[in-house]
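So you can see what is in the structure, the chains are spelled out below.
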Amino acid sequence: MPVWAQAGLWGLLSGGTLLVGSAIAWWVRVPRLVIAGVMAFGAGVLISALAFDLVDEAETTGGLGAALGGLALGATAYVAANLVLNARGARHRKRSGTESGSAQPSEDEQSGSGTAIAVGALLDGIPESTVLGLSLTSGHGVGVAVLAAIVISNIPEGLSSSAGMKASGRSARYVFGVWGAIAVASGIAALLGYLLLDGASPELVATITAVAAGAILAMVADTMVPEAFEKTHVFNGAICTAGFITAFAISRS
């Protein structure tokens, strides 16, 4: 199979795990404490992958300046886009609860919020998939540690966000349509990440990797950690650390 096709397939499969979490949330009543715990674990997994794979690789291949500049640019771009989406109803897109002030709004409560939530979910997932495509440009196959981190974190992301969508009255067609579209978009992002940057200079690849890492880190801090902490409280740090340890062990095995 051509490498570009492998990139697209890995992106599609990793994005498809969002659908797995969504299906669990739709047909199984999962306690919010469990959702929060799994979300905390997923956050730890992603933080480990960022620290020991993406940022480390970016600094090694492109230098400290490329890594730091890319991180700052990625985080800034994510926060800027997120501010726009938050104003349109996507602020609590990862939230699973129904409490006033921390629940996803329905379309009746805020017109256009459904579109904003869908775009926000896309914003959260594209950097991860782009990194998968980039990992194949090295010629050593897909980055296993990064792939594992994305898969492990996508399930609680899809679970929590879909539980919130269902609680706000959105239909099954909307929920599964959103995650199905994002799975396809993830495949396209991974494919483009490979096609556009295969043969590019190490400095450029390093910068793009760091940009994606900065966006992912901002997403974790802005959407995953708050949802996890809201219910796990004092145990949040321990569960997050367990996820970090798991991902670090995978990266070093």
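Residues numbered from 1 in each chain as written. Predicted model: local features only at pLDDT ≥ 70, side-chain atom pairs only at ≥ 80, totals over all residues. Heavy atoms only, no water.

S.K.: Whenever I open this one, the nonpolar core confuses me. Can you help?
M.R.: Considering soluble globular proteins, one finds that nonpolar side chains tend to be buried as a cluster. If you look at the biggest cluster of nonpolar residues, it comprises 26 residues, and the most contacted ones within it are Leu-46, Leu-54, Val-146, Ile-216, Met-219, Val-220 and Met-224. Per element, the largest residue contribution to this core is 9 residues, and it comes from helix H7 (residues 202-232). Residues Leu-18, Trp-26, Ala-121 and Trp-179 belong to the second largest nonpolar core, which totals 8 residues. (Core = buried A, V, L, I, M, F, W, Y, C linked by side-chain atoms within 4.5 Å. Buried < 20%, exposed > 50% of the residue type's maximum accessible area, 1.4 Å probe, protein only. Helix = DSSP H or I, 4+ residues; strand = E, 2+ residues; numbered from the N terminus.)

S.K.: When you look at the packing of aromatic side chains in this model, what are you seeing that I'm missing?
M.R.: Where two aromatic rings form a pair, the distance of their centres and the angle of their planes describe that pair. In this structure the tally under the stated criterion is 4 aromatic pairs. Ring geometry for Phe-52 and Phe-244: centres 5.6 Å apart, planes at 70 degrees, overall edge-to-face. Here Phe-52, found in helix H2 (residues 32-62), pairs with Phe-244, found in helix H8 (residues 236-252); they are 192 residues apart in sequence, far enough to count as distant. Overall, Phe-52 belongs to the partly exposed group, its relative accessible area being 28%. (Phe/Tyr/Trp six-rings, centres within 6.5 Å; stacked < 30°, edge-to-face > 60°.)

S.K.: Any chance you could explain the packing of helix H1 (residues 3-27) against helix H6 (residues 172-197) here in plain terms?
M.R.: When two helices pack together, their arrangement is captured by the angle between the axes and the distance separating the axes. Where H1 meets H6, the closest approach of the two axes is 7 Å, and the angle between their N-to-C directions is 160 degrees. Relative to H6, the element H1 is oriented roughly antiparallel. Between H1 and H6 the crossing geometry is right-handed. (Axes fitted to C-alpha atoms, helices over the stretch in contact; angles between N-to-C directions. Parallel < 35°, antiparallel > 145°, perpendicular 65-115°, else oblique. Left-handed = near helix turned anticlockwise from the far one by under 90°.)

S.K.: I tried to follow a nonpolar patch on the surface on my own but got confused; where do I start?
M.R.: Judged by side-chain polarity, Met-1, Trp-4, Leu-9, Trp-10, Leu-12, Leu-13, Val-184, Ile-188, Leu-192, Leu-195 and Leu-196 come together as a nonpolar surface patch covering roughly 1,100 Å² of accessible area. Those elements that place two or more of their residues in the nonpolar patch are H1 and H6. Mapping Leu-196 onto the fold places it in helix H6. Here Leu-196 falls in the exposed class, since its relative accessible area comes to 67%. (Patch = residues over 30% accessible without salt bridge, like charges linked within 9 Å, V, L, I, M, F, W, Y side chains within 5 Å. Areas by Shrake-Rupley, 256 points an atom, 1.4 Å probe, with all protein chains shown as cover. Salt bridge = Lys/Arg side-chain N within 4 Å of Asp/Glu carboxyl O.)

S.K.: Is there a simple way to explain the UniProt feature "transmembrane region" (unreviewed entry) in the chain in this structure?
M.R.: With numbering aligned to this structure, UniProt lists the feature "transmembrane region" (unreviewed entry) at residues 6-28, 33-52, 64-85, 172-197, 204-221 and 233-250. With 96% helix and 0% strand, residues 6-28 has end C-alpha atoms that lie 33 Å from one another. (UniProt positions renumbered as here; feature names shortened; annotations may be inferred.)

S.K.: I'm lost on H2 in this one. Help?
M.R.: With 31 residues, H2 extends 42 Å between its outermost C-alpha atoms, agreeing within 8% with the 45 Å of an ideal straight helix rising 1.5 Å per residue. Maximal helix bending in H2 amounts to about 40 degrees, located at Leu-50. One or two steps after H2, the chain reaches Gly-63, where phi turns positive at roughly 95 degrees. (Expected span 1.5 Å × (residues − 1). Bend = angle between axes of the 7 residues up to and from the residue.)

S.K.: Would you take a moment to explain helix H5 (residues 144-167) for this structure?
M.R.: In an α-helix, one turn spans 3.6 residues, which is why side chains three or four residues apart end up on the same side. Here H5 is 24 residues long and its end C-alpha atoms lie 35 Å apart, about the 34 Å a rise of 1.5 Å per residue gives. Of all 24 residues in H5, 18 are buried; the element is thus mostly enclosed.

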